[in-house]
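Residue-level structural notes
So the chains spell out like this:
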Amino acid sequence: MIEALGIGHLFELSRTEAIAGFFTPLAVFAVFLLAQLILPARRVPGYVIDPETGRPREYRLNGILVFALALAVWASGITGLPHDWFYRSTIPAVIGGTAFSAVFTVLAVCGRPKAKTGSLAADLWHGRALEIALFNGRFDVKMYLYVVGGTMFALNALSGAAYHYERFGADSNPGVFLYAAFFTFYVLDYFVFERVQLYTYDLIHEKLGFMLIWGGLVVYGWLFILPLWGMAAHPDPGFPPVWTNAWLIGTGALFLFGWSISRGANLQKYTFKRWPDRKFLGLIEPDCIEAGERRILCSGLWGAARHFNYLGEGFLALSIALVFGYPGNPWAWTYFVFIVSLFLWRQRADERYCAEKYGPRKWAEYRARVKYRIFPGVY
Ligand code: NDP
């Protein structure tokens, strides 16, 4: 079965290696916790209001430093771990990471006030607390999840590329290296704009239950490289040079196109929330619908579709499906299928929250003005 799926190479660890793989996430979680606490950070006010003070919550942001340090440690090999370790140990690591996430969930949920409608099972899944800060406010659990998840995502992608190179050498697939480069860039960009993340769905709406904790640590950190499980085991597809160039340049352009839409929309919303009257990039006038003290942005990228940022993620995911040069292999499509499903669900969930926050009448006015959900002219 495993061989038929084309992932037999991920099941070749010795017993000792498998045990080490199981505990790798725990070691990673501990090291990242220390790094986030020790490394300098900038303190910024966030978007979410602290119910105790009535003022914006404060965050210590140092994701970019943690990311740079982790990358340098991995690249130098100073820990003695082989470069392909994270990739080769991915199966026991996912099992171990899931088990530790379950323990963290129990700690994050139990002892906190019950959610209004939830059973214990629902509370464990969705969480009870919107925020948890530790060490006298020095450490924000949600931001920690994304620092670990994002950094491990990039390291797992790079580790998969290292495995691929060791296995195929001169016959390596350049698409695998481009894939690793895409996601290293993607995560770097995330940390460069870490403050913008304070204005996004997870920070505003999600509670700290298994879905967010496991999703942030294990799904984002380890499982997002699912396409590599299958694709790292295939050599260069062997296209003629002119096709190779067209394929690599084409997927690179598609990736950048998707990224520009997504980053552009997120930055426009962030600019609008912080400086409501400022033109985005000095060009796009903020046009909005007033809903009491709130304002719904409906110009620029937010006038094209109500969640145009998700379309950018969709194009980016399509570039991932195509980057390996094996479009007929289902592994290549796993990230795309996940992203499309996630965002189709999330767009609807976010609109339900927004209709509550902005009021059904104002939200209906916005829907009439910006007709499409994600893809202008299509959906
Ligand atoms: P958004 O950044 O769109 O955040 C949603 C919130 O933004 C809403 O709850 C609302 O909050 C505010 N908002 C929505 N529409 C408007 C509007 N027209 N005017 C004013 N405020 C509005 O969504 P996400 O957090 O889901 O996504 C952020 C980025 O992260 C996206 O690019 C997304 O694609 C990416 N992402 C990527 C993932 C991946 O796996 N690759 C996973 C998750 C996210 P309020 O009104 O309270 O401000």
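Since the model is a prediction, treat every value here as computed from it, not as a measurement.

1. Observations concerning the site of the ligand
- Near the ligand you find 30 residues, and of these Tyr 47, Tyr 201, Asp 350, Lys 357 and Tyr 358 are the closest.
- At 2.9 Å, a side-chain N or O of Ser 262 approaches an oxygen atom of the ligand.
- If the ligand stood free it would expose 900 Å²; the protein chains cover 94% of that surface.
- Counting residues per element, the ones that place at least two in the shell around the ligand are α9 (201-205), α12 (241-274), β6 (294-297), α14 (308-323) and α15 (334-358).
- Per-element tally for the shell around the ligand: the top contributor is α15, with nine residues.
- Taken together, the residues of the shell around the ligand sort by class into 16 nonpolar, six polar and eight charged.
- Built from parts of two domains, the shell around the ligand gets at least three residues from each of domain 1 (1-236) and domain 2 (238-379).

2. Details of the pairing of strand β1 (residues 42-49)
- With five bridges joining them, β1 and strand β2 (residues 56-61) adopt antiparallel strand pairing. In the strand pairing of β2, Arg 42 is matched with Leu 61.
- The hairpin formed by β1 and β2 contains six residues between the paired strands, and Gly 54 there has a positive phi angle of roughly 75°.

3. Quick word on the packing of helix α7 (residues 141-168) against helix α10 (residues 210-219)
- The interhelical angle for the contact between α7 and α10, taken along N-to-C directions, is 30°, at an axis separation of 7 Å. With respect to α10, the element α7 is oriented roughly parallel. Residue-level contacts link Lys 142, Tyr 144, Leu 145, Tyr 146, Val 148 and Gly 149 of α7 to Leu 212, Ile 213, Gly 216 and Leu 217 of α10.
- Taken together, the residues that form the contact of α7 with α10 break down as seven nonpolar, two polar and one charged.

4. Some points on the side chain of Arg 60
- Structurally, the position occupied by Arg 60 is in strand β2.
- A polar contact is formed between the side chain of Arg 60 and the backbone oxygen of Leu 39, at a distance of 2.9 Å.
- At a separation of 3.3 Å, a polar atom in the side chain of Arg 60 contacts the main-chain carbonyl oxygen of Arg 138.

5. A few points about the packing of α15 against helix α16 (residues 360-369)
- With their axes 6 Å apart at the nearest point, α15 and α16 run at an angle of 125° to one another. Classified by the angle their axes make, α15 and α16 are oblique. The residues of α16 that touch α15, namely those facing Glu 351, Cys 354, Ala 355 and Tyr 358, are Pro 360, Lys 362, Trp 363 and Arg 367.
- Tallied by class, residues from the contact of α15 with α16 come to five nonpolar, no polar and three charged.

6. With respect to the packing of aromatic side chains
- In total, this model carries 39 aromatic pairs according to the counting rule given.
- An angle of 10° between the planes, with centres 4.1 Å apart, marks the rings of Phe 182 and Phe 255 as stacked. Here Phe 182 is found in helix α8 (residues 174-192), whereas its partner Phe 255 is found in helix α12, with 73 residues between them in sequence.
- We classify Phe 182 as buried; its relative accessible area is 6%.
- Judged by its relative accessible area of 2%, Phe 255 falls in the buried class.

What counts, and at which threshold
Residues numbered from 1 in each chain as written. Predicted model: local features only at pLDDT ≥ 70, side-chain atom pairs only at ≥ 80, totals over all residues. Heavy atoms only, no water. Near = heavy atom within 4 Å. Polar contact = N/O pair within 3.5 Å; in protein donor to acceptor, adjacent residues only side chain to side chain. Areas by Shrake-Rupley, 256 points an atom, 1.4 Å probe, with all protein chains shown as cover. Helix = DSSP H or I, 4+ residues; strand = E, 2+ residues; numbered from the N terminus. Nonpolar A, V, L, I, M, F, W, Y, C, P; charged D, E, K, R; others polar. Domains from an automatic or database assignment. Pairing = 2+ DSSP bridges. Axes fitted to C-alpha atoms, helices over the stretch in contact; angles between N-to-C directions. Parallel < 35°, antiparallel > 145°, perpendicular 65-115°, else oblique. Contact = heavy atoms within 4.5 Å. Phe/Tyr/Trp six-rings, centres within 6.5 Å; stacked < 30°, edge-to-face > 60°. Buried < 20%, exposed > 50% of the residue type's maximum accessible area, 1.4 Å probe, protein only.

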